[in-house]
2 protein chains.
Amino acid sequence: MISAAAKPILYSYFRSSCSWRVRIALALKGISYDLVPVNLLKDGGQQLAIIQYLEDTHPTPRLLPQDPKKRAQVRMIANHIVSGIQPLQNLNVLKQIGEKKTEWAQNCIASGFQALEQILQHTAGHYCVGDEVSMADLCLVPQVFNAERFKVDMGPYPTITRINKALLELEAFKVSHPSQQPDTPAELRA
Amino acid sequence: MISAAAKPILYSYFRSSCSWRVRIALALKGISYDLVPVNLLKDGGQQLAIIQYLEDTHPTPRLLPQDPKKRAQVRMIANHIVSGIQPLQNLNVLKQIGEKKTEWAQNCIASGFQALEQILQHTAGHYCVGDEVSMADLCLVPQVFNAERFKVDMGPYPTITRINKALLELEAFKVSHPSQQPDTPAELRA
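Computed from a predicted structure; not experimentally measured.

Caption draft 1: Here's a closer look at the interface of chain B and chain A. Taken residue by residue, the interface counts 26 residues in chain B and 26 residues in chain A. Each partner contributes to the roughly 2,300 Å² buried at the junction of chain B and chain A, and carbon and sulfur atoms together form 64% of this total. On the surface where chain B and chain A come into contact, there are 4 salt bridges. With a closest N to O distance of 2.7 Å, A:R71 and B:D56 form a salt bridge. Of all the secondary-structure elements, those providing two or more residues to the side of chain B that touches chain A are helix 2 (48-57), helix 3 (68-85), helix 4 (91-97) and helix 5 (101-123) of chain B. Here the element with the most residues in the side of chain B that touches chain A is helix 3 of chain B; it accounts for 10 residues. Along the lines of polarity and charge, the residues of the side of chain B that touches chain A split into 12 nonpolar, 9 polar and 5 charged.

Caption draft 2: Region of interest: the packing of helix 3 (residues 68-85) of chain A against helix 6 (residues 135-149) of chain A. Residues and elements named next belong to chain A. Viewed as axis vectors pointing N to C, helix 3 and helix 6 meet at an angle of 30°, and their least axial separation amounts to 7 Å. As helix 3 runs across helix 6, the sense of the crossing is left-handed. Across the interface between the two elements, V74, I77, A78, I81, V82 and I85 of helix 3 pack against M135, A136, C139, L140 and Q143 of helix 6.

Caption draft 3: Region of interest: the pattern of salt bridges. All names here are of chain A. Summed over the entire model, instances satisfying the criterion amount to 10 salt bridges over all chains. Where K7 meets D34, a salt bridge forms, and the shortest distance between an N and an O atom there is 3.4 Å. You can see K7 sitting in the segment before strand 1 (9-12) and its partner D34 sitting in strand 2 (residues 34-37), a full 27 residues away along the chain. The class of K7 is partly exposed, set by a relative accessible area of 42%.

Caption draft 4: Here's a closer look at the environment of B:P156. Residue and element names in this part refer to chain B. On the secondary structure map, P156 appears in the loop between helix 6 (135-149) and helix 7 (158-168). Taking relative accessible area as the criterion, P156 reaches 49% and is therefore assigned partly exposed. For the pair formed by P156 and Q114, sequence separation is 42 residues and the distance between their alpha carbons is 7.8 Å.

Caption draft 5: Quick look at helix 2 (residues 48-57) of chain A. Among the 10 residues in helix 2 of chain A, 8 count as buried, and that is most of the element. Of all the residues in helix 2 of chain A, the buried ones are A:L48, A:A49, A:I50, A:I51, A:Q52, A:Y53, A:L54 and A:E55.

Caption draft 6: The nonpolar core, seen in detail. Judged by nonpolar contacts, the single largest core of 105 residues is most densely connected at A:F113, A:L140 and B:F113. Split by domain, this core shows at least three residues from each of two domains, domain 1 (9-61 + 178-188) and domain 2 (68-173) of chain B. Residue contacts for A:F113: discarding those within four places in its chain leaves A:I85, A:Q143, A:V144, A:A147, A:M154, A:Y157 and A:I160.

Caption draft 7: Region of the structure containing the pairing of strand 2 (residues 34-37) of chain B. Residue and element names in this part refer to chain B. For strand 1 (residues 9-12) and strand 2, the ladder comprises 4 bridges, and the chain directions are parallel. Residue S12 lies in a different strand from strand 2, and its bridge partner there is P37. For the crossover that starts at strand 1, traverses helix 1 (residues 17-29) and ends in the parallel strand 2, the hand is right-handed.

The rules we used
- Residues numbered from 1 in each chain as written.
- Chains lettered and ligands numbered in written order.
- Predicted model: local features only at pLDDT ≥ 70, side-chain atom pairs only at ≥ 80, totals over all residues.
- Heavy atoms only, no water.
- Contact = heavy atoms within 4.5 Å.
- Buried area = accessible area lost by both parts, 1.4 Å probe.
- Salt bridge = Lys/Arg side-chain N within 4 Å of Asp/Glu carboxyl O.
- Helix = DSSP H or I, 4+ residues; strand = E, 2+ residues; numbered from the N terminus.
- Nonpolar A, V, L, I, M, F, W, Y, C, P; charged D, E, K, R; others polar.
- Axes fitted to C-alpha atoms, helices over the stretch in contact; angles between N-to-C directions.
- Left-handed = near helix turned anticlockwise from the far one by under 90°.
- Buried < 20%, exposed > 50% of the residue type's maximum accessible area, 1.4 Å probe, protein only.
- Core = buried A, V, L, I, M, F, W, Y, C linked by side-chain atoms within 4.5 Å.
- Domains from an automatic or database assignment.
- Pairing = 2+ DSSP bridges.
- Right-handed = clockwise from strand over helix to strand, strands pointing away.

The following block contains the structure:
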């Protein structure tokens, strides 16, 4: 969470998609913060509220385009990932699924990525929506990372793959990567 | 989806939480629209992008408070429901769960409502955040309706129950209710 008065504190877990999205937003906006590692057992989309709060209080550089139609595209993509894909392959759900959990996660991600690939073919430039980094991109990178962990075949998603690669070249995405966090275990550091 | 130029068309399914949230937003903002019923097999949080688009293009009455802290509270609550609860009790997921689906849905909703009740005890006035209707309220009402369908015991959630009741008294929430839609089957009409 973000404290409004002093230097913000981010309670973060190195591998959490939600923490990761916020770390990218903080890096893009050049906001310095203290990070307190928390071993999250539970994940969720709730941290998108933090990103919107950062956008409201630190509007530059913007993470939402000015044009209402493009803003809607950014939010559609972000919500598709945050509500439509990620909750279904969360740790808590997978625990309840039991032995078929890898297959379950792969199916959820593949079905979500099929739709996402179609959307991106209409909206993408260098990044998810045109050539500006947006909230949609903050959501894309952690989701592709999850797909790779679950060994999802990325062959059918050339647009997703291309954008993800371009984003990982950017400094804000490098410093916020799970392999670079204070709570990253030694064997996972890059 | 909303067409920017002419009278907007809402592709809606009477019982879909996502369509329902948008119907409430349209009613609150007094935007007239054509409704095209679609029998959705698949649900999701994607339609929250439409609500944000409506907020961007029709700012009055606002569905997000002006104060950044309150805005963050509204978005936290909306995202908690849209990403943290609803995707786990969707038709598609329940089909895959099979015979334990009612128990699964009840557990997902109960665990989400426990957290939500705590949050609302800090944020609520008449409605989810203070005394203004917000995006959080648009998300609350459909989720309580789902809880009732799955016969979740609402006893432990007095704040959720009180706010839901207050919201259902408002005209915008009445006209957008699943029991009042052109595609509502006769036996479910109120």
